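# Residue-level structure breakdown
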Amino acid sequence: MLVTDSHRNTAIVIRNDGRDVTLVPMAGGRLSALHLKFGEFRAAWSELAQPLPEALSAFLDHVATWGASQEVKRGLDRLVARDRQMAGTLF
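Structure report, in brief.

Definitions and cut-offs
Residues numbered from 1 in each chain as written. Predicted model: local features only at pLDDT ≥ 70, side-chain atom pairs only at ≥ 80, totals over all residues. Heavy atoms only, no water. Helix = DSSP H or I, 4+ residues; strand = E, 2+ residues; numbered from the N terminus. Rg over C-alpha atoms; globule rule 2.2 N^0.38 Å. Buried < 20%, exposed > 50% of the residue type's maximum accessible area, 1.4 Å probe, protein only. Contact = heavy atoms within 4.5 Å. 1 Å grid on protein atoms, 1.4 Å probe; cavity = no way out; pocket = protein on both sides within 12 Å on 5 of 7 lines; lining within 4 Å. Points joined across faces, edges and corners; volume = space filled by probe spheres on them. Nonpolar A, V, L, I, M, F, W, Y, C, P; charged D, E, K, R; others polar. Salt bridge = Lys/Arg side-chain N within 4 Å of Asp/Glu carboxyl O. Phe/Tyr/Trp six-rings, centres within 6.5 Å; stacked < 30°, edge-to-face > 60°.

On to the overall build of the protein. Scanning the protein from N- to C-terminus turns up 3 helices and 5 strands. Ordered by position in the sequence, the α and β elements of the protein form the string β-β-β-β-α-β-α-α. Taking 12 Å as the expected radius of gyration for a compact globule of 91 residues, we find that the protein reaches 13 Å, a close match to that expectation. Across its three principal directions, the C-alpha atoms of the protein cover 35 × 30 × 20 Å. The burial tally for the protein puts 33% of its 91 residues in the buried class. Considering only contacts within the protein whose residues lie at least 6 apart along the sequence, 54% involve residues at least 24 apart.

Here you go:
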């Protein structure tokens, strides 16, 4: 899921278990994860309509250039794998 906050910051959610949310805000330089309680997340962030594959591509390009924490890399890799699996079941 791609989200934005009131300051127009964009982030991608890499984990949401209904209690805790882990997201990766797009920022200059190395990307790192932000951990929030679900209520805090819902109060501050809202979903964007941009397609996930395009957002993933932009985040992965940024990671390739600037780097990211291991947690972010693993989270993005899981999203890519899940997206491929879901697309594969459509055909």
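Assignment of secondary structure puts Val24 in strand β3 (residues 20-25). C-alpha separation for the pair Val24 and Gly75, spaced 51 residues apart in sequence, amounts to 9.2 Å. Residues in contact with Val24, not counting those within four places in the same chain, are Thr10, Ala11, Ile12, Ile14, Leu31, Ser32, Phe59 and Val72.

We now examine the layout of surface pockets. In this structure, the largest pocket occupies an estimated 160 Å³ of space. Every residue along the wall of the largest pocket is listed here: Met1, Val13, Ile14, Arg15, Asn16, Arg78, Leu79 and Arg82. Looking at which element gives the most residues to the lining of the largest pocket, the answer is strand β2 (residues 10-16), with 4 residues. Split by residue class, the lining of the largest pocket holds 4 nonpolar, 1 polar and 3 charged.

Moving on, we get to the pattern of salt bridges. Pairing between side chains of opposite charge can happen when the charged atoms of each approach one another. Under the criterion given, the structure shown has 3 salt bridges. In this structure, a network of salt bridges that share partners links the residues Arg19, Asp20 and Lys37.

The next point concerns the packing of aromatic side chains. In total, this model carries 1 aromatic pair according to the counting rule given. Taken together, a centroid distance of 6.3 Å and an interplanar angle of 45° make the contact between Phe38 and Phe41 tilted. Of the two residues, Phe38 and Phe41 both sit in helix α1 (residues 38-44), 3 residues apart, roughly one turn of that helix. Of the residues examined, Phe41 reaches a relative accessible area of 1% and is grouped as buried.

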